[in-house]
Amino acid sequence: MNGKNNIAIGFLTMGFFMAYGFLLIYLRDFAPDKEAWVNSYSIGKHFESRLAHVHGNLFAFLNILIGYPAHFQSQLANVKAISWLALTGLLMPIGILSEVYFGLPPALVLIGAMAMTASVIWLGFSFLRIKTA
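Residues numbered from 1 in each chain as written. Predicted model: local features only at pLDDT ≥ 70, side-chain atom pairs only at ≥ 80, totals over all residues. Heavy atoms only, no water.

Trainee: Give a detailed account of the overall build of the chain, specifying residues and quantitative values.
Mentor: Assigned secondary structure in the chain consists of six helices and zero strands. Reading the secondary structure of the chain in the N-to-C direction produces α-α-α-α-α-α. Within the chain, the fraction of its 133 residues that count as buried is 38%. The long-range fraction of contacts in the chain, counting pairs at least 24 apart against all pairs at least 6 apart in sequence, stands at 71%. Distance between charge centres in the chain, computed from 8 positive and 5 negative side chains, equals 20 Å. (Helix = DSSP H or I, 4+ residues; strand = E, 2+ residues; numbered from the N terminus. Buried < 20%, exposed > 50% of the residue type's maximum accessible area, 1.4 Å probe, protein only. Contact = heavy atoms within 4.5 Å. Lys, Arg positive; Asp, Glu negative; His and termini not counted. Charge placed at Lys NZ, Arg CZ, Asp CG, Glu CD.)

Spelled out as structure tokens, the structure:
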């Protein structure tokens, strides 16, 4: 895998959540009930949708970054496990959207958040352990 999937899926996820941003703009500026949407800025589906948009793009970016260290695979331990944890982290924004649109419980949000946090911390410690000449 060598980080290729993290980078590819990161860019595709970022593209999806960027496009989702256009839906949020439509709901704020052009939808027939835009006033109601604007008035619910910090509560309910509006707030949760913005959270998904922001976290989706952040986690996509993190996957792109986490995919890059695969080039250090000979020096880093557990790159493949870190890579899969980061991809699992994308369950967080997906979980937020599944809560908003389907009323599902927040299990995916928690799993994704824990996986992404673990992958970032693990990668940080792995880089600290690299021996420099």
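Don't stop here, the text continues.
Trainee: Explain the pattern of salt bridges to me, using residue names and the numbers behind them.
Mentor: With the rule as written, the count across this model stands at one salt bridge. Measuring nitrogen to oxygen at the nearest pair gives 2.7 Å for the salt bridge that ties Arg-28 to Asp-29. By relative accessible area, Asp-29 is classed as partly exposed at 30%. (Salt bridge = Lys/Arg side-chain N within 4 Å of Asp/Glu carboxyl O.)

Trainee: If you had to explain the nonpolar core to someone new, which residues and values would you point to?
Mentor: Membership of the largest hydrophobic core comes to 25 residues, with the highest contact counts inside it found for Phe-59, Ile-66, Ile-96 and Met-116. Of all the elements in the fold, those that place two or more residues in this core are helix H1 (4-29), helix H3 (44-67), helix H4 (79-89), helix H5 (91-102) and helix H6 (107-128). Those residues within four positions of Phe-59 in sequence are excluded, and the remaining contacts are Gly-89, Leu-90, Met-92, Pro-93, Gly-112 and Met-116. (Core = buried A, V, L, I, M, F, W, Y, C linked by side-chain atoms within 4.5 Å.)

Trainee: How would you explain H1 if you had to name every residue and give the values?
Mentor: Helix length check: H1, at 26 residues, gives a terminal C-alpha distance of 38 Å against a target of 38 Å (1.5 Å per residue), a fit within 8%. Every buried residue of H1 is listed here: Asn-6, Gly-10, Thr-13, Met-14, Phe-17, Tyr-20, Gly-21, Leu-24 and Leu-27. (Expected span 1.5 Å × (residues − 1).)

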